[in-house]
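# Topology and contacts: notes
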Amino acid sequence: MELVITESAADAGVLAGRIMADHVRRGARAIGLATGSSPLGAYRELIRQHRDEGLSFAAVRTFNLDEYIGLPPAHPQSYSRFIRDEFTSHVDLLDANVHGPDGNAADIPAAAAEYERAIADSGPIAVQILGIGANGHLGFNEPGSSLRSRTRVKTLTPTTREDNARFFDDDLSQVPTHVITQGLGTIGDAEHLVMIATGSGKADAVAAAVEGPVSAFCPASILQMHPHVTVLVDPDAAAGLQAVDYYRFAVANKPSWQSF
Ligand code: GLP
């Protein structure tokens, strides 16, 4: 795992975008996308590189991590719509190549299995961008999620529903209770995991994920089991880490031949 403490949240976003762009330039067939505010800077950087530097996504398929159950696809907070509004509609990605789990399927378990098949058929996912919940969730894998779980239904914790109420006019009653999410095993199949966390509200979750025990109670601790992980944090999100000096030393002395 490589842990990079950037000077600012904006720098973390740009670096995440550059890492994803490098994968696309190297011929990634599939990339994994996340919602929430954390990846937005990365998407802005990818859109900029598409506009200014000719970065093309024409041969790429994208796969979202998760989706609310029961929100119509056109709902402003549906993750299917979010990812189109914030990223994919601004680059040369064919809409047919933008995928997410179907939160409106009549048979959700069948839709989950179908999503796993779609990822397997197009994968492996070369790079998966991730945020982290304040409670350590990845995607919508809440504390207690099996470390080897696959795409399935989860019930949101009260904390996550409260955290996300800001996107639903601060009205908790509008926040769905159930979601369909890639499992921790599904996420772990991606070749490179890039997690971005900024702000003091993420400091405890980052410390638990990076330096705490591997535990279903902190789903993001599965990062410790993966062979290629980059964690990008701003100083506020790094505040709970013990080995800050070492992380900074490792980045400052990164061999010139070594990319992210
Ligand atoms: C959301 C998403 C996650 C996201 C997390 C943090 O509920 N399901 O994929 O990483 O919570 O969101 P934010 O980046 O806005 O803090």
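Right above here is the structure, for reference.
Everything in this summary refers to the structure shown in the same document. (Residues numbered from 1 in each chain as written. Predicted model: local features only at pLDDT ≥ 70, side-chain atom pairs only at ≥ 80, totals over all residues. Heavy atoms only, no water.)

### Observations concerning the nonpolar core
If you look at the biggest cluster of nonpolar residues, it comprises 67 residues, and the most contacted ones within it are Ile31, Tyr43, Phe57, Phe87, Leu138, Val233 and Leu241. Sort the elements by how many residues they give to this core and helix α1 (residues 9-25) lands first, with seven residues. Residues in contact with Leu138, not counting those within four places in the same chain, are Leu130, Gly131, Leu184, Ile187, Met195, Pro219, Ala220, Ile222 and Leu223. (Core = buried A, V, L, I, M, F, W, Y, C linked by side-chain atoms within 4.5 Å. Buried < 20%, exposed > 50% of the residue type's maximum accessible area, 1.4 Å probe, protein only. Helix = DSSP H or I, 4+ residues; strand = E, 2+ residues; numbered from the N terminus. Contact = heavy atoms within 4.5 Å.)

### Here we look at the site of the ligand
Lining the immediate surroundings of the ligand are 13 residues, of which Ser37, Ser38, Asp66, Asn164 and Lys202 lie closest. Between a nitrogen atom of the ligand and a side-chain N or O atom of Asp66, the distance comes to 2.9 Å. His137 is positioned such that a nitrogen or oxygen atom in its side chain is 3.1 Å from an oxygen atom of the ligand. Within the complex, the protein chains bury 95% of what would otherwise be the 400 Å² of accessible surface of the ligand. More than half of the atoms belonging to the ligand lie within 2 Å of the grid points that define the largest pocket. Among the residues forming the shell around the ligand, the class breakdown is three nonpolar, seven polar and three charged. (Near = heavy atom within 4 Å. Polar contact = N/O pair within 3.5 Å; in protein donor to acceptor, adjacent residues only side chain to side chain. Areas by Shrake-Rupley, 256 points an atom, 1.4 Å probe, with all protein chains shown as cover. 1 Å grid on protein atoms, 1.4 Å probe; cavity = no way out; pocket = protein on both sides within 12 Å on 5 of 7 lines; lining within 4 Å. Sits in = over half its atoms within 2 Å of the grid points. Nonpolar A, V, L, I, M, F, W, Y, C, P; charged D, E, K, R; others polar.)

### As for the sheet that holds strand β1 (residues 2-5)
Taken together, the seven strands give an open sheet; going across it, the order is β1-β10-β9-β6-β2-β3-β5, and neighbouring strands pair in parallel fashion. The sheet terminates laterally at β1 and β5 (98-99), the two strands that pair on one side only. Note that strand β6 (residues 127-130) and strand β9 (residues 193-197) share three bridges and pair parallel. Pairing of Gln128 across the sheet is with Leu193, part of β9. (Pairing = 2+ DSSP bridges.)

### With respect to the sheet that holds strand β8 (residues 178-181)
Strand order in the open sheet made by the three strands is β4-β8-β7, with antiparallel pairing throughout. The open sheet terminates on both sides in strands that have one partner only, identified here as β4 (66-68) and β7 (152-155). With strand direction ignored, the average angle separating the axes of adjacent strands in the sheet is 30 degrees. Across four bridges, the pairing between β7 and β8 is antiparallel. When the sheet's bridge partners are listed, Lys154 is paired in β8 with Val179. (Axes fitted to C-alpha atoms, helices over the stretch in contact; angles between N-to-C directions.)

### Quick word on the layout of surface pockets
The space that makes up the largest pocket amounts to roughly 600 Å³. What lines the largest pocket is a set of 32 residues, and nearest its centre among them are Thr35, Gly36, Ser37, Ser38 and Lys202. Listed by contribution, the elements that provide at least two residues to the lining of the largest pocket are α1, α2 (40-53), α3 (79-86) and α5 (158-164). Of the pockets and cavities examined, the second largest pocket occupies roughly 270 Å³. Lining the second largest pocket are 17 residues, with Met1, Glu2, Leu3, Val229 and Lys254 sitting closest to its centre. For the lining of the second largest pocket, the secondary structure elements donating two or more residues are β1, β10 (229-233) and α8 (244-252). No other element matches the four residues that α8 contributes to the lining of the second largest pocket. Classifying every residue of the lining of the second largest pocket by side-chain character gives 11 nonpolar, four polar and two charged. (Points joined across faces, edges and corners; volume = space filled by probe spheres on them.)

### Some remarks on the side chain of His23
Mapped onto the elements of the fold, His23 is located in helix α1. Setting aside residues no more than four positions away along its own chain, His23 makes contact with Ala28, Ala126, Val127 and His192.

### Looking at the pairing of strand β2 (residues 30-33)
Covered by surrounding structure in β2 are Ala30 and Gly32 together with Ile31 and Leu33, the residues of both alternating faces. Two elements, β2 and strand β3 (residues 61-64), share four bridges in a ladder whose sense is parallel. Bridge assignment links Leu33 to a residue of β3, and that residue is Asn64. Here two bridges tie β2 to β6, and the two strands are oriented parallel to one another. Counted as the bridge partner of Ile31 is Val127 from β6.

### Some details on the packing of aromatic side chains
Under the definition given, this model contains nine aromatic pairs. On the numbers, 5.6 Å between centres and 85 degrees between planes, the contact of Phe57 with Phe87 is edge-to-face. Placement of the pair is Phe57 in the loop between α2 and β3 and Phe87 in the loop between α3 and β5, with a sequence separation of 30 residues. Here the aromatic rings of Tyr79 and Phe140 are separated by 5.8 Å at their centres, their planes lie at 15 degrees, and the arrangement is stacked. Taken together, the residues span a long stretch of sequence, with Tyr79 in helix α3 and Phe140 in the loop between β6 and β7 at a distance of 61 residues. By the burial criterion, Tyr79 is buried, and Phe140 matches it. Taken together, the aromatic side chains of Tyr68, Tyr79, Phe82, Phe140 and Phe168 make up a single cluster linked through ring pairs. Above the ring of Phe260, the side-chain terminus of Lys254 is found at 4.4 Å from the ring centroid. (Phe/Tyr/Trp six-rings, centres within 6.5 Å; stacked < 30°, edge-to-face > 60°. Lys NZ or Arg CZ within 6 Å of the ring centre and 35° of its normal.)

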